[in-house]
Amino acid sequence: MSPGVSGPQRALATVDLGAIERNAARLPKPLCAVVKADAYGHGLAVADAALAGGAEWLAVAAADEALALRHRGVEVPILVMGALTRSELVVAVDADADVVAWTDELAEQAPRVHVKLDTGMGRLGTKDRELALRLAQRDNVVGLMTHFATADDPSDDLFGAQLEAFREFVGAVGRDDLIAHAANSAAALREPGSHFDLVRCGVALYGMDPFGTDPAAHGLEPALSLSSWVAAVRRFEAGDSAGYGRRWTAQEPTWVATVPIGYGDGWRRALTNNCDVLIGGRRHPLAGTVSMDNVTVALGPETDVRVGDEVVLIGAQGEERILAEEVARRLDTINYEVTCGLTQRVPRRHVP
Ligand SMILES: Cc1ncc(COP(=O)(O)O)c(C=O)c1O
């Protein structure tokens, strides 16, 4: 039975916690599992699986996310990596989280801070090495960090320059009691020299490829699959159109399926006439405009697709597979945005 027929969901994201655990186990250690933005759209339950796979730290972007982890009963160290307003800082500290600092004011306001040197990302952190060196001598500093801008692009040489600048900084601080960390997933997978005392991996934990191609090349298993169901199968005559704006017209007598998922679920309108789905283990193209709540799928002149059949938008069905990386390429974006973009209307079902 399809999820749409057997259960209450029009669309469903199934998250394989075993895959998360195995991905965590495959990543370098010590590992900080990055679970911001509701675990890249996978749901916070993945935090427990990451810890089961050997992660010893968790990282988030926002104070509320740290609090949500504590409410789940998480006891390991949590790093809040994002910029915080004063009131958010209070929330982070109350949640017993570490925070990131790059000014005196920030460094004074939390019991445990990680000094961030901006070695080239140009976003958060200080570019002022002398200030960072001075901050790093404070008693409440427990870590030193930086973040890479181009670790996912082996052809760009900023990565090597950032790594060198951070290595030099850590040496100049000269404190063995601090945890130095820099690597995101791409750096962790491509450059052992970037690992220092902790790696901060997000995208790889979810079984997505930080280089945007094939997670299997790094021994990673995609954890999230997205499915819906065939709500209608109708015959179109040549010239009949599907969806807003008549952006697809049948060229010959054709069967068309209606599937109740759309941009209101995060299945983006830019996928109009530009995406395949799996039904009965075979690829079928979207036909016509993605609307808020529905898409239409061309099934061809003959079909055995029936109302109630399962539709896979991300994931495997039979021998076929659609990766988040494929959807990202069609949208001219990155896999991160595909899973983060699934809206709250799509229930997340976590399976062991
Ligand atoms: C500061 C910082 N570290 C680590 C990560 C994890 O990156 P990735 O998901 O590429 O592993 C992020 C995510 O963007 C980040 O902002």
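Right above here is the structure, for reference.
Quick caveat, the model's predicted, so the values are computed rather than measured.

**Concerning the site of the ligand**
Working step 1: Surrounding the ligand, one finds 13 residues, the nearest of these being Lys36, Tyr40, Ser185, Val203 and Tyr336.
Working step 2: Arginine 200 is positioned with one of its side-chain polar atoms (N or O) 2.9 Å from a nitrogen atom of the ligand.
Working step 3: Bound to the protein, the ligand loses 92% of the 390 Å² it would expose on its own.
Working step 4: Looking at the shell around the ligand, the elements with two or more residues in it are helix H3 (36–40) and strand S9 (199–201).
Working step 5: Among the residues forming the shell around the ligand, the class breakdown is six nonpolar, four polar and three charged.

**Digging into helix H2 (residues 17–26)**
Working step 1: Considered for burial, the residues of H2 that qualify are Leu17, Gly18, Ala19, Ile20, Asn23 and Ala24.
Working step 2: Contacts made by the buried residues of H2 are with strand S1 (12–16), strand S2 (31–34), helix H4 (46–52) and strand S18 (348–351).
Working step 3: A side-chain oxygen of the first residue of H2 lies 2.9 Å from the backbone nitrogen of glycine 18; this N-cap is aspartate 16.

**Notes on the layout of surface pockets**
If a probe as big as a water molecule is rolled over the atoms, it shows which places are left empty.
Working step 1: By volume, the largest pocket amounts to about 610 Å³.
Working step 2: Taken together, 35 residues line the largest pocket, and the ones lying closest to its centre are Lys36, Tyr40, His147, Asn184 and Tyr336.
Working step 3: Along the lines of polarity and charge, the residues of the lining of the largest pocket split into 18 nonpolar, nine polar and eight charged.
Working step 4: Roughly 210 Å³ of internal volume is contained in the second largest pocket.
Working step 5: Every residue lining the second largest pocket is counted, 21 residues in all, and those nearest its centre are Pro222, Ala223, Leu224, Ser225 and Gly315.
Working step 6: When the residues that make up the lining of the second largest pocket are grouped by side-chain class, the tally is 12 nonpolar, six polar and three charged.

**Side note on the nonpolar core**
Working step 1: Ranked by size, the top nonpolar core spans 110 residues in total, and within it Val35, Leu69, Tyr206, Leu226, Trp267, Leu286 and Val297 carry the most contacts.
Working step 2: By residue number, the principal contributor to this core is helix H9 (residues 158–173), which donates five residues.
Working step 3: Not counting the four nearest positions on each side in its chain, leucine 286 is found in contact with Trp267, Leu271, Asn273, Cys275, Val277, Val295, Thr296 and Val297.
Working step 4: The next biggest cluster of nonpolar side chains, apart from the first, holds seven residues, and it includes Ala242, Val256, Ala287 and Ala298.

**A few points about the sheet that holds strand S15 (residues 295–300)**
Where strands meet in a sheet, backbone hydrogen bonds hold them as pairs that are either parallel or antiparallel.
Working step 1: What the three strands build is an open sheet, ordered S11-S12-S15; its pairing is antiparallel. A single partner strand is all that each edge strand has here, and the edge strands are strand S11 (232–236) and S15. Each strand axis lies, on average, 30° off the axis of its neighbour in the sheet, ignoring direction.
Working step 2: Note: strand S12 (residues 254–259) against S15, five bridges, orientation antiparallel. Note on S15: the bridge partner recorded for valine 256 is alanine 298.

What counts and what doesn't
- Residues numbered from 1 in each chain as written.
- Predicted model: local features only at pLDDT ≥ 70, side-chain atom pairs only at ≥ 80, totals over all residues.
- Heavy atoms only, no water.
- Near = heavy atom within 4 Å.
- Polar contact = N/O pair within 3.5 Å; in protein donor to acceptor, adjacent residues only side chain to side chain.
- Areas by Shrake-Rupley, 256 points an atom, 1.4 Å probe, with all protein chains shown as cover.
- Helix = DSSP H or I, 4+ residues; strand = E, 2+ residues; numbered from the N terminus.
- Nonpolar A, V, L, I, M, F, W, Y, C, P; charged D, E, K, R; others polar.
- Buried < 20%, exposed > 50% of the residue type's maximum accessible area, 1.4 Å probe, protein only.
- Contact = heavy atoms within 4.5 Å.
- 1 Å grid on protein atoms, 1.4 Å probe; cavity = no way out; pocket = protein on both sides within 12 Å on 5 of 7 lines; lining within 4 Å.
- Points joined across faces, edges and corners; volume = space filled by probe spheres on them.
- Core = buried A, V, L, I, M, F, W, Y, C linked by side-chain atoms within 4.5 Å.
- Pairing = 2+ DSSP bridges.
- Axes fitted to C-alpha atoms, helices over the stretch in contact; angles between N-to-C directions.

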